[in-house]
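Each chain is listed here by its residues.
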Amino acid sequence: MTEVLSTASAPGKAILLGEHAVVYGKPAIAIPVSELRVEVVIESFKCPAGDIWIDSPVIRMYKCVNDLPYENPLRMAVDLTLNACGHPDIPGLMIRINSALPIGGGMGSGAAVSCALIRALSDFVCPNTFTLETINGLVFDVEKIHHGNPSGVDNTVITYEKPIFFRRGESLESIQVKQPVNLVLADTGINSATSSMVAGVRKRFDQDTVRYNQIFTEIENLVAKSREALEQGNTPLLAEAMNENHRLLQQIEVSSFALDRLVKTARNSGADAAKLIGAGGGGNMIALCNPDTEKVVCQALNNAGAVRVFAFTLNSNKDSE
Ligand code: PMV
């Protein structure tokens, strides 16, 4: 009989402002989407001791880890965890992965899978040894194979699961959100690889460095304004900054027809602001709403052909820390 040995989960994330510029050392604001999660269950499995199998219907994988290439992100997550645990003897294991996150949808699904897997496996193999910092570092190492030059924002917001002001190479600062913020995510249904979007921006940056640096500085100013807006509960200021950030993301050519259509739909149906999130090219956009407009905006996004629309609230954490 199989026995559940450990379980863990990790949230999705949305970058409220600052994606792409964050790769170039500018700050970004990212929030966890705790309602959409990756769940990992580790079970005993009848196979030779030390073998680890992966069963993940979302990516259609049912395989022994040893049969995956070394650079496969799941294998990397397993290998790095066992290594950090000092390679103790383990029985045959099955790792079951379920995810409510779209793959290639700008919601950090890769980092969330790594994070939940590293948590569940380390909880079983070397309980109570990994700190959040250890987990964050390992998820970041796996992220590097996903897209070469990650800023580290995805692994950080997902591991710590709180709203953050993040700048590459610096320790995270949590944001004290003063009042609840109503947000709606809508998925274009188009998958997009972060690595190629980031590489595309790099190429254009190299060709037009002065202009791109100007744009990234403008984004940096918007991020600073938005942090204040969140901390003061100033929705109009946040809305203005998010709309402006989308315009600048269009200028660096990471938006798309489908994203722009959903952004326009959200704004026209009453959202205070809307912008793409994450790498762009496809994936999700986010709309800033209020309790009165949220339903209408969701309906409009559904009618406009979004493959999934999801409303959630970024809760106030002003007094909880
Ligand atoms: O689309 P996602 O969830 O992989 O987010 C990527 C965010 C970028 O700023 C575009 C890249 C990065 O490393 O920060």
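Up top is the structure.
Report follows, based on the coordinates. Only a predicted model underlies this, so the values are computations on that prediction, with no experimental measurement involved.

Focus on unusual backbone geometry
Phase 1 of the analysis: Notably, Arg60 is not glycine yet its phi reads approximately 50 degrees, a positive angle.
Phase 2 of the analysis: Along the chain, the position of Arg60 falls in the loop between strand 3 (52–56) and strand 4 (61–64).
Phase 3 of the analysis: Exposure remark for Arg60: the relative accessible area of 79% places this residue in the exposed category.
Phase 4 of the analysis: Of note, Glu161 is a non-glycine position whose phi angle comes to about 50 degrees, a positive value.
Phase 5 of the analysis: Structurally, the position occupied by Glu161 is in the loop between helix 4 (153–160) and strand 6 (164–166).

Digging into the site of the ligand
Phase 1 of the analysis: Surveying the vicinity of the ligand reveals 18 residues, the closest of which are Lys13, His20, Ser151, Thr194 and Ala279.
Phase 2 of the analysis: Asp154 places a side-chain nitrogen or oxygen 3.2 Å from an oxygen atom of the ligand.
Phase 3 of the analysis: In the environment of the ligand, an oxygen atom lies 2.7 Å from a nitrogen or oxygen atom belonging to the side chain of Thr194.
Phase 4 of the analysis: Listed by contribution, the elements that provide at least two residues to the shell around the ligand are strand 1 (4–17), helix 4 and helix 5 (194–207).
Phase 5 of the analysis: Class assignment of the residues belonging to the shell around the ligand gives a composition of eight nonpolar, seven polar and three charged.
Phase 6 of the analysis: Of the residues that make up the shell around the ligand, three or more belong to each of domain 1 (4–173) and domain 2 (176–314).

Regarding a nonpolar patch on the surface
Phase 1 of the analysis: Nonpolar side chains collect at one region of the surface, where Val58, Ile59 and Ile103 lie side by side and expose about 230 Å² of accessible area between them.
Phase 2 of the analysis: Within the secondary structure, Val58 sits in the loop between strand 3 and strand 4.
Phase 3 of the analysis: Overall, the relative accessible area of 40% leaves Val58 in the partly exposed class.

Here we look at the environment of Asp123
Phase 1 of the analysis: Mapped onto the elements, Asp123 comes out in helix 2 (residues 109–125).
Phase 2 of the analysis: C-alpha separation for the pair Asp123 and Asp89, spaced 34 residues apart in sequence, amounts to 15 Å.
Phase 3 of the analysis: Leave out the neighbours within four places in its chain, and Asp123 touches Ser6 and Thr7.

Observations regarding the side chain of Ser269
Phase 1 of the analysis: Within the element layout of this structure, Ser269 appears in the loop between helix 8 (257–268) and strand 9 (273–276).
Phase 2 of the analysis: Here the side chain of Ser269 touches Thr265 through a polar contact of 2.9 Å, landing on its backbone oxygen.
Phase 3 of the analysis: Side-chain polar atoms of Ser269 contact the backbone oxygen of Ala266, separated by 3.1 Å.
Phase 4 of the analysis: Setting aside chain neighbours within four positions, we find Ser269 in contact with Val296, Val297 and Ala300.

Brief notes about the packing of aromatic side chains
Phase 1 of the analysis: This structure, assessed with the given rule, holds seven aromatic pairs.
Phase 2 of the analysis: For the pair Tyr212 and Phe216, a centre-to-centre distance of 6.1 Å together with 85 degrees between the ring planes defines the contact as edge-to-face. Separated by four residues within a single helix, Tyr212 and Phe216 lie in helix 6 (residues 209–232), roughly one turn from each other.
Phase 3 of the analysis: Assessed through its relative accessible area of 1%, Tyr212 is described here as buried.
Phase 4 of the analysis: Owing to a relative accessible area of 0%, Phe216 belongs among the buried residues under this scheme.
Phase 5 of the analysis: Through pairs of rings, three or more aromatic residues link up here, namely Tyr24, Phe205, Tyr212 and Phe216.
Phase 6 of the analysis: Positioned above the aromatic ring of Phe165, the side-chain terminus of Arg227 is 4.6 Å from the ring centre.

Quick notes on the rules
Residues numbered from 1 in each chain as written. Predicted model: local features only at pLDDT ≥ 70, side-chain atom pairs only at ≥ 80, totals over all residues. Heavy atoms only, no water. Helix = DSSP H or I, 4+ residues; strand = E, 2+ residues; numbered from the N terminus. Buried < 20%, exposed > 50% of the residue type's maximum accessible area, 1.4 Å probe, protein only. Near = heavy atom within 4 Å. Polar contact = N/O pair within 3.5 Å; in protein donor to acceptor, adjacent residues only side chain to side chain. Nonpolar A, V, L, I, M, F, W, Y, C, P; charged D, E, K, R; others polar. Domains from an automatic or database assignment. Patch = residues over 30% accessible without salt bridge, like charges linked within 9 Å, V, L, I, M, F, W, Y side chains within 5 Å. Areas by Shrake-Rupley, 256 points an atom, 1.4 Å probe, with all protein chains shown as cover. Salt bridge = Lys/Arg side-chain N within 4 Å of Asp/Glu carboxyl O. Contact = heavy atoms within 4.5 Å. Phe/Tyr/Trp six-rings, centres within 6.5 Å; stacked < 30°, edge-to-face > 60°. Lys NZ or Arg CZ within 6 Å of the ring centre and 35° of its normal.

Remember, this is a structural readout, not a statement about activity or role.
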